[in-house]
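Okay, here's what each chain looks like letter by letter:
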Amino acid sequence: MSDTLLNISGLKTWIDVEPAPVRAVDGIDLEIRRGETFAVVGESGCGKSMTALSILRLLPETAEIVAGNAQLGATELFELTERDMRDVRGRRIAMIFQEPTTSLNPVLTVGAQVEEVLRRHGRLSPQAMRKRIVELLDQVGIPDAERRAGEYPFQFSGGMKQRVMVAMALAGDPDLLIADEPTTALDVTIQAQVLDLLRKLQRERGMSILLITHDLGIVASMAHRVAVMYAGRIVEVADRQQFFASPQHPYSRKLFEALPGAEGRGGALAVIRGQVPPLTAAFHGCRFADRCDFAYERCGQGEPALMPVAPDTSGHRVRCVHVTEKGRFPARSRPVAVTTGTLGTGAPADAAPLLIVRDLKVHFPIRKGLLKRTVAYVKAVDGISLDIAAGRTLALVGESGCGKTTAGKAILQLIRPTAGSVNFQGAELTALRGEALRGYRSDIQIIFQDPYASLNPRMRVGDILSEGLLALGVAGHAMNQPGVRDLARDAIQKRVDELLDQVGLPKDAQRRYPHEFSGGQRQRIAIARALAVKPRLIVCDEPTSALDVSVQAQILNLLKSLQSELGLSYLFITHNLAVVEFLAHEVAVMYLGRIIERGTVDEVLRSPAHPYTQALLAAVPRIDKDVNREMGSGGTTAEAAKQGELPSPVNTPAGCHFHPRCASAKDECRREYPGSSTLTRSHVVNCWKYPIGK
Amino acid sequence: MFLPIILWTDALIFVLLAVIAAFAFYARQHEHLRAPWRRVAQTPAAVSAAVVLLAFVAVGFLDSLHFRQAIEPAGNAEAKRPAGAATAYAPEVKSVLDVALAHLSSRTERTYSAPLATHAYAKETMEVPGRGQVRDYPRLRNGGAHLKDAETEWGWDILLTVFKGMGLALFAWSIAAFLLLIAVKPTAPAYASIGAFSDAVWRGKTVVPWRTVLITLGLIFLIVVPATLLARGYHVLGTDKVGQDVLFLSLKSIRTALVIGTLTTLVMLPFAVLFGIMAGYFCGWIDDIIQYLYTTLNSIPGVLLIAAAVLVLQVQMEASPELFPTTAQRADFRLLFLCIILGVTSWTGLCRLLRGEALKLRELEYVQAAQAFGVSHWNIMLRHILPNVMHIVLISVVMDFSGLVLAEAVLSYVGVGVDPSMISFGTMINAARLEMGREPMVWWSLASAFMFMLVLVLAANLFADAVRDAFDPRVRVSPRNRHMAEAAAA
């Protein structure tokens, strides 16, 4: 095939760790054609990134390519000397990484960093060099490129940094661009901008892109062809249309089913039981068999080959005995073993509020000079009001930097609010100090985003779970009296067993350390820790954003069932609108420290009133049923959405905070912050488009 | 018979050894602590260094068991002593090492003599019966005294002793090796017999590199045993100005070096850990005060501060001699004080590191979760922050050790180090200042101090390196997996 750009066959990359090597990539074949976007999808730990790094031979010291070859055009990459390989990197294959903040050198100007790449790949006169840098930055949509080239990375926002990374990748004019989760660290609106940019560049240059992602939405809007990776192997390859119309491998299907959305409301999400198997041992059958609902004895006997689904569709191949040997996949209607049916819909909407927050403000002073005089304030939270009723979930939605996490911590009094009131069942928490506040600590708890940072690695799970019990004495005894210590120990032991059972972990987990658990299990431990003191309200700070789709489904199901069992209320802080749709009852959308729209889930997500909410919704890459639609067609609202970025909370724009990014901004928007307009009894929006008050 | 004396530094050494033993016991039961130490034990350079260090520690420990000998009245002691009278003890405090090396310390010469010499280093005028006054190199009192005709027998005697010593060393080594192998033989079925195990050791196939241990041990034996035999008749490393055996001085210096290296850390740790964690955890004005403190302390030249403190102490000690019944006790107190003042001036580096780490840790979510439970600040620091900075403490303690040993030498050279009556590498080097200026040059004092310090500090550095690597998850410490290649081939 003449249009093949990169052909990888039999690639095996192993990581050398004790006690046995991890077969991160275990024999994959793939072929990337000129000018196409080839997406590799899969959960973390499936070997996606290792594949990309193997192609560039940029593996960490402990990893090694043990077999296979990779042909780029006529060049055999794995046989080049390191010196020749350096010419391939950047010039023929370039890579952009996940985290733009750490990919740029903070002490060099952006222009200098682009220049470094140019210098490596050709001689240019200083003037020509200068022109080329500006041209490249211009190409990736950096406004005022002439001036911005002389600025340092800290003067750029996250999205702009990722654009600079793309410019650096383009500097060598590569044939293949490897993008390893290029937008995972970015907000949805910025993500849409970067994806648009990649699409545009590909159209203009006819470059191939190897896109590595876990987000099926991005795949749907970007890829020409898709490969699904599981446990170091490719289990399915297909064109985008074929893949989204009829995914064949049970794993691919599960990935679709585990996506939260409105359909799942009231019920439970499909989950893939268990987790990706450890890649230390050799496999004797299908690698997915242990987690597959359709596995039968044949699956354990020899790994199925990657075979075409049907004789006429050579482009769609799958590694599953059902498809390739029986010729047909079992019906989809077979019930999922793990789901527990309906999980309830929470308490009625008109229940009495448990938590009332009024005009909550958190301002961080910026101090300068010798005497540390306060020169300005970061208005992280600037007057938010919300109510949460018992047994209900309020989702607080917004981009990163809008102050939603600070708001959560201020409600918990982990950060003392500057002004406003937090009223929990009649008690004014902002006025309480020391012991009096400790009395309310058991009522409100928090679950954090990163399950790796939220558990002390030096403490055993049992100690982690009992910490709250010891500190707050919830086990029913005063812990500081020596006489009841033994009694208390038994009570604590019982409670820890109970908690582990509640979150679906085995009892022996308490004697182990956090590092022995996977991300999902760790998040279960974090949930159990919060539950230990029998809270009424849990602040969930993006509890699933660090997790894979299938694990996210498990955690969301758990949270939902705990709510219906224990009547918990959640303040669910997230940027993921799909999760909101699945879990929340009410939604509040935050922008730059203020709530700009709030209402029930149906009101806000079905008929968004504020232009920002509309923009957020439009920017989410959707897996459309109509898979043949033009890629990247966003519609006018989406285009409006993708303009600009979140301004700094130090210099908030005058008038409506959103007006610099708003397509329908009028004069009054620039002058004054809009008051609240009540659309329905529960739906309130702050925008000049609607009559104020009512 | 004798009265055990526990000097201040002895007590602290015993405490330190007990703490290390307790930590080892604790680490055995905690996988996250045991795993890195296991990696250390699998590094050949580290185990080799550890063997050398242990040999030094053994010498230092023997030198820390102090006592005063009872004075036996002349003649029949039991008969003459009045019943019930308190036993009188010698004013001199001795250590077990002193007793073991009595033949070295007691047999002094009049002045300098070269290593293994039989004659003095400088010509003297002496009366020779029958020849009147002659100017020649006089025979030494003890060096080679057993030789009748020094000129002809000397070479052969030394060669013979060395060979005898080597033979004896090999014999002793094989016994020691056999006992060691029996002691450490794993219960795994692959090593059912001692033969299978020793075969594995020989081919270097064991997890812990026992072969390296045995080789290092063998080298130590090959040096120590011949040297011991030679020392019976000669001064192996020569004698110093007042005729003291340099080998004896070097061995006595080891304890001083170890005490300075370890006890200073012990003094420094509470400051560094407490202040560092407090500064990082509380931030605000507590951080300001602590930072101000260590910045100020850091900007005073260390040697000046130490010199001032030592000089003040010296005056105080001379003003109240009744506090120190023996010179050893006085010297020991000064050594302890030196450790304290070195510790007080050297905690800033570690403190700064720990402050930075605590600043990072306090923002971590598990600390915030603990705050959400209302756990007290003290408990958060103790349970959440301290265990997570322990690796930094451990690494810097091991790294600091060698620096402190060298610092002692420098300070003694400047004259503000240990008590002049105390033997240390620093005082030896200080004395060498004049010896190097002589013609012909007296080189052996400096060379001995240099060699002993080199071996000690090198072993400590190699060991510290391995410890640092083992606690750094990004560095691969173990040799490349053999099964990786084997599995790939399959």
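Not measured: the values here are computed from a predicted model.

> Hey, could you run me through the overall build of chain B in this one?
A count of helices and strands for chain B gives 19 helices and five strands. Each principal axis of the C-alpha atoms in chain B carries an extent, and together these give about 100 × 70 × 60 Å. Counting over 490 residues, chain B shows a buried share of 42%. Pairs at least 24 residues apart make up 72% of the contacts formed inside chain B by residues separated by at least 6 positions. For chain B, the accessible surface area stands at approximately 25200 Å², while carbon and sulfur atoms represent 69% of it. Side chains of chain B give 39 positive and 35 negative charges; the mean places of these two sets differ by 6 Å.

> Is there a simple way to explain unusual backbone geometry in this structure?
Generally, phi is negative for residues other than glycine and the peptide bonds are trans, each holding for most cases. All names here are of chain A. Even without glycine at this site, Glu181 takes up a positive phi of about 45°. Secondary-structure assignment places Glu181 in the loop between strand S7 (176-180) and helix H8 (188-205). A positive phi angle is found at Ala231, which is not glycine, with a value near 50°. Note that Ala231 resides in the loop between strand S9 (225-230) and strand S10 (233-239).

> Quick question: what am I supposed to make of the pattern of salt bridges here?
Side chains carrying opposite charge are able to pair once their charged atoms draw close together. Residues and elements named next belong to chain B. Scanning the entire structure with this criterion turns up 37 salt bridges over all chains. Linking Arg110 and Glu124 is a salt bridge whose minimum nitrogen-to-oxygen distance equals 2.9 Å. Of this pair, Arg110 sits in the loop between helix H6 (102-106) and strand S4 (124-128) while Glu124 is found in strand S4, placing the two residues 14 residues apart along the sequence. Of the charged contacts, one joins Asp199 and Arg203 as a salt bridge, the two residues approaching to 2.9 Å between their closest N and O atoms.

> Just checking my understanding: could you explain the interface of chain B and chain A for this structure?
The parts lose accessible area when they come together, and the size of an interface is often stated as this lost area. Counting residues at the interface gives 26 residues for chain B and 36 residues for chain A. Summed over both sides, the interface between chain B and chain A buries roughly 3000 Å², with carbon and sulfur atoms accounting for 53% of that surface. Scanning the region where chain B abuts chain A turns up one salt bridge. Note that Arg383 of chain B is salt-bridged to Glu467 of chain A, the shortest N-O span being 3.5 Å. Inspection of the region where chain B meets chain A yields 11 residue pairs in polar contact (both at pLDDT 80 or more).

> What is the right way to look at the sheet that holds strand S2 (residues 22-33) of chain A in this model?
All names here are of chain A. Read across the sheet, four strands follow the order S2-S1-S4-S5 without closing on themselves; strand pairing throughout is antiparallel. Each having just a single partner strand, S2 and strand S5 (75-76) make up the two edges of the open sheet. Where strand S1 (residues 4-15) and S2 come together, eight bridges link them in antiparallel fashion. Each bridged residue has a counterpart across the sheet, and for Lys12 the counterpart in S2 is Asp26. Along the sheet, helix H1 (residues 48-56) makes contact with S1, S2 and strand S4 (63-72), crossing S1 at roughly 110°.

> It is not clear to me how the nonpolar core should be interpreted in this structure. Could you clarify?
The tendency in soluble globular proteins is for nonpolar side chains to be buried side by side. Leu77, Ile93, Leu137, Ile178 and Tyr251 of chain A are the most contacted members of the largest nonpolar core, which has 102 residues in total. The leading source of residues in this core is helix H7 (residues 158-171) of chain A, at nine residues. Filtering out sequence-adjacent residues up to four positions away, Ile178 of chain A remains in contact with Ala52, Ile55, Leu56, Ile93, Ala94, Met95, Ile96, Leu210 and Ile212 of chain A. Grouped together as the second largest cluster of nonpolar side chains are 53 residues, Val40, Val52, Tyr112 and Ala464 of chain B included.

> Explanation requested: a negative patch on the surface in the structure shown.
All names here are of chain B. Judged by side-chain charge, Asp136, Asp149, Glu151 and Glu153 come together as a negatively charged surface patch. Residue placement: Glu151 occurs in helix H7 (residues 150-184). Residue class for Glu151 comes out exposed when judged on its relative accessible area of 61%.

> How should I be thinking about the environment of Thr256 of chain B in this particular structure?
Residues and elements named next belong to chain B. Mapped onto the fold, Thr256 is located in helix H10 (residues 246-282). Spatially, the C-alpha atom of Thr256 lies 5.8 Å from that of Ser424, the residues being 168 residues apart in sequence. Within polar-contact distance, the side chain of Thr256 engages the backbone oxygen of Ile423 at 2.8 Å.

> Looking at this model, I keep getting lost on the confidence of the model for chain B. Mind explaining?
Low pLDDT means the predicted coordinates in that region are not meant to be read closely. Residues with a pLDDT of 70 or more make up 93% of chain B, whose mean pLDDT is 84. Contacts for the low-pLDDT stretch residues 475-483 of chain B, under 50 throughout, to residues beyond four places or in other chains number 18 contacts.

> Would you mind showing me how to read the packing of aromatic side chains here?
Between two aromatic rings, the relevant description is the distance of the centres plus the angle of the planes. Summed over the entire model, instances satisfying the criterion amount to 19 aromatic pairs over all chains. With 5.4 Å between their ring centres and 70° between their planes, Phe275 of chain B and Trp347 of chain B make a pair best called edge-to-face. Residue Phe275 of chain B is located in helix H10, and its partner Trp347 of chain B is located in the loop between helix H13 (327-346) and helix H14 (348-362); the two are separated by 72 residues in the primary sequence. The exposure class of Trp347 of chain B is buried, given its relative accessible area of 2%. Taken together, the ring pairs connect Tyr230, Tyr251 and Phe288 of chain A into an aromatic cluster. The ring of Trp14 of chain A carries the charged tip of Arg23 of chain A above its face, separated from the ring centre by 4.6 Å.

> Explain the sheet that holds strand S20 (residues 569-574) of chain A here, please?
Pairing between sheet strands relies on hydrogen bonds along the backbone, with the strands arranged either parallel or antiparallel. Residue and element names in this part refer to chain A. Ordered by their spatial adjacency, eight strands build an open sheet running S18-S19-S20-S15-S21-S22-S24-S23, and the pairing between neighbours is mixed. The two strands at the open ends of the sheet, each matched to only one other strand, are strand S18 (444-447) and strand S23 (677-678). Where S23 meets strand S24 (residues 684-685), two bridges bridge the pair, whose relative direction is antiparallel. Bridge pairing links Thr678 to Val684 in S24.

> What's the story with the pairing of strand S22 (residues 594-600) of chain A in this structure? I'm lost.
Note on strand geometry: in a regular strand, side chains alternate between the two faces of the sheet. Residue and element names in this part refer to chain A. Two elements, strand S21 (residues 586-591) and S22, share six bridges in a ladder whose sense is antiparallel. Within S22, the residue paired with Ala588 across the bridge is Arg598. Taking the residues between adjacent antiparallel strands as the criterion, S21 and S22 are bridged by two residues, where Leu592 takes a positive phi near 50°. Both S22 and S24 contribute to a ladder of two bridges, which runs antiparallel. Residue pairing across strands places Arg598 opposite Val684, the latter belonging to S24.

> How should I be thinking about helix H3 (residues 44-62) of chain B in this particular structure?
Because an α-helix completes one turn every 3.6 residues, residues spaced three or four positions apart along the sequence face the same direction. Taking 1.5 Å of rise per residue, 19 residues should cover 27 Å, and H3 of chain B covers 27 Å from first to last C-alpha, within 8% of that figure. Within H3 of chain B the residues assigned to the buried category are Ala46, Val47, Ala49, Val51, Val52, Leu53, Phe56, Val59 and Gly60 of chain B.

> What's the story with the packing of helix H5 (residues 126-139) of chain A against H8 of chain A in this structure? I'm lost.
How two helices sit against one another is set out by the angle between their axes and by the gap between those axes. Residues and elements named next belong to chain A. Contact geometry for H5 and H8: axes closest at 11 Å, N-to-C directions at 120°. Looking at the two axes, H5 sits oblique to H8. Mapping the contact onto sequence places Arg132, Leu136 and Gln139 in H5 and Leu197, Lys200, Leu201 and Arg205 in H8. Residues that form the contact of H5 with H8 fall into these classes: three nonpolar, one polar and three charged.

> I'm lost on the packing of helix H12 (residues 302-319) of chain B against H13 of chain B in this one. Help?
All names here are of chain B. As a packed pair, H12 and H13 sit with axes 10 Å apart at the nearest point and diverge in direction by 150°. If you check the angle between H12 and H13, you find them roughly antiparallel. The handedness of the crossing between H12 and H13 is right-handed. In this structure, H12 contributes Leu305, Ile306, Ala309, Val310, Leu313, Gln314 and Met317 to the contact, and H13 contributes Arg330, Phe333, Arg334, Phe337, Leu338, Ile341, Leu342 and Thr345. Among the residues making up the contact of H12 with H13, the classes are represented as 11 nonpolar, two polar and two charged.

> Please explain the environment of Pro4 of chain B as it appears in this structure.
Residues and elements named next belong to chain B. Tracing the sequence through the fold places Pro4 in strand S1 (residues 2-5). Classification of Pro4 as exposed rests on a relative accessible area of 57%. Taking the C-alpha atoms as reference points, Pro4 and Asp465, separated by 461 residues in sequence, lie 38 Å from one another. Look past the residues within four positions of Pro4 in its chain and what remains in contact with it is His66 and Phe67.

> Honestly, the pairing of S10 of chain A in this entry has me stumped. Any pointers?
All names here are of chain A. Counted residue by residue, S10 has six buried out of seven residues, so it is predominantly covered. Taken together, the two bridges between S10 and strand S12 (residues 317-318) define a ladder with antiparallel strand orientation. Along S12, the bridge assignment pairs Glu236 with Val318.

> Before we go on, may I ask you to explain a nonpolar patch on the surface in this structure?
Residue and element names in this part refer to chain B. Residues Leu17, Ile20, Leu54, Val57, Phe61, Leu62, Leu65 and Val96 make up a contiguous nonpolar surface patch of roughly 610 Å² in combined accessible area. Locating Val57 in the fold gives a position in helix H3. Given a relative accessible area of 35%, Val57 falls into the partly exposed group.

Criteria and cut-off values
- Starting from 1, residues in each chain are numbered consecutively following that chain's sequence as written.
- The lettering of chains begins at A and the numbering of ligands begins at 1, in the order of writing.
- Thresholds applied to this predicted model are a pLDDT of at least 70 for local features of residues and 80 or more for the giving and counting of side-chain atom pairs; totals over whole chains, interfaces and linings are not thresholded and use all residues.
- Processing note: side-chain calculations cover all non-hydrogen atoms of the structure and skip hydrogens and water entirely.
- Where helices and strands are cited, they refer to DSSP runs of H or I of at least four residues and of E of at least two residues respectively, numbered from the N terminus.
- Summary of the burial criterion: residues with accessible area below 20% of their type's maximum are buried, those above 50% are exposed, and those between are partly exposed, where the area comes from a 1.4 Å probe applied to protein chains only.
- The contact definition used throughout considers only heavy atoms, calling two residues in contact when any of these lie within 4.5 Å.
- Residue exposure ignores everything except the shown protein chains as possible cover, and the areas themselves are Shrake-Rupley values with a 1.4 Å probe.
- In this tally Asp and Glu are treated as negative and Lys and Arg as positive; neither His nor the chain ends contributes.
- Every charge is mapped to an atom, namely NZ of Lys, CZ of Arg, CG of Asp or CD of Glu.
- Each reported salt bridge corresponds to a side-chain nitrogen of Lys or Arg within 4 Å of a carboxyl oxygen of Asp or Glu.
- As a working definition, buried area equals the accessible area (1.4 Å probe) given up by two parts on being put together, with both sides summed.
- For the purposes of these results, a polar contact is taken to be a pair of N or O atoms within 3.5 Å, where, inside protein, one atom must be able to donate a hydrogen and its partner to accept one; residues adjacent in sequence count only when each atom of the pair is a side-chain atom.
- In this analysis, strands are considered paired if DSSP registers two or more bridges between them.
- Axis definition: a line fit to C-alpha positions, over the contact stretch in the case of helices; interaxial angles, taken between N-to-C directions, run 0 to 180 degrees.
- Residues belong to a common nonpolar core when they are buried Ala, Val, Leu, Ile, Met, Phe, Trp, Tyr or Cys residues joined through side-chain atoms within 4.5 Å.
- Residues qualify for a patch when their relative accessible area is over 30% and they have no salt bridge, like charges being joined within 9 Å and the nonpolar side chains of Val, Leu, Ile, Met, Phe, Trp and Tyr within 5 Å.
- Within a predicted model, pLDDT stands for the predictor's per-residue confidence, ranging from 0 to 100.
- Pairing of aromatic side chains requires ring centres within 6.5 Å, counting the rings of Phe and Tyr and the six-membered ring of Trp. Pairs whose planes differ by under 30 degrees are stacked, by over 60 edge-to-face, and all others tilted.
- Definition used: whenever NZ (Lys) or CZ (Arg) falls within 6 Å of the ring centre and also within 35 degrees of the ring normal, the charge is taken to sit over that ring.
- Take the residue count of a helix, subtract one, and multiply by 1.5 Å to get its expected span.
- Note on terminology: angles under 35 degrees are roughly parallel, angles over 145 are roughly antiparallel, angles of 65 to 115 are roughly perpendicular, and the others are oblique.
- Asp, Glu, Lys and Arg are counted as charged, while Ala, Val, Leu, Ile, Met, Phe, Trp, Tyr, Cys and Pro are counted as nonpolar; the rest, among them Gly, fall into the polar class.
- Crossings are sorted by hand: turned counterclockwise from the far helix by less than a right angle, the near helix makes the crossing left-handed, and turned clockwise it makes it right-handed.

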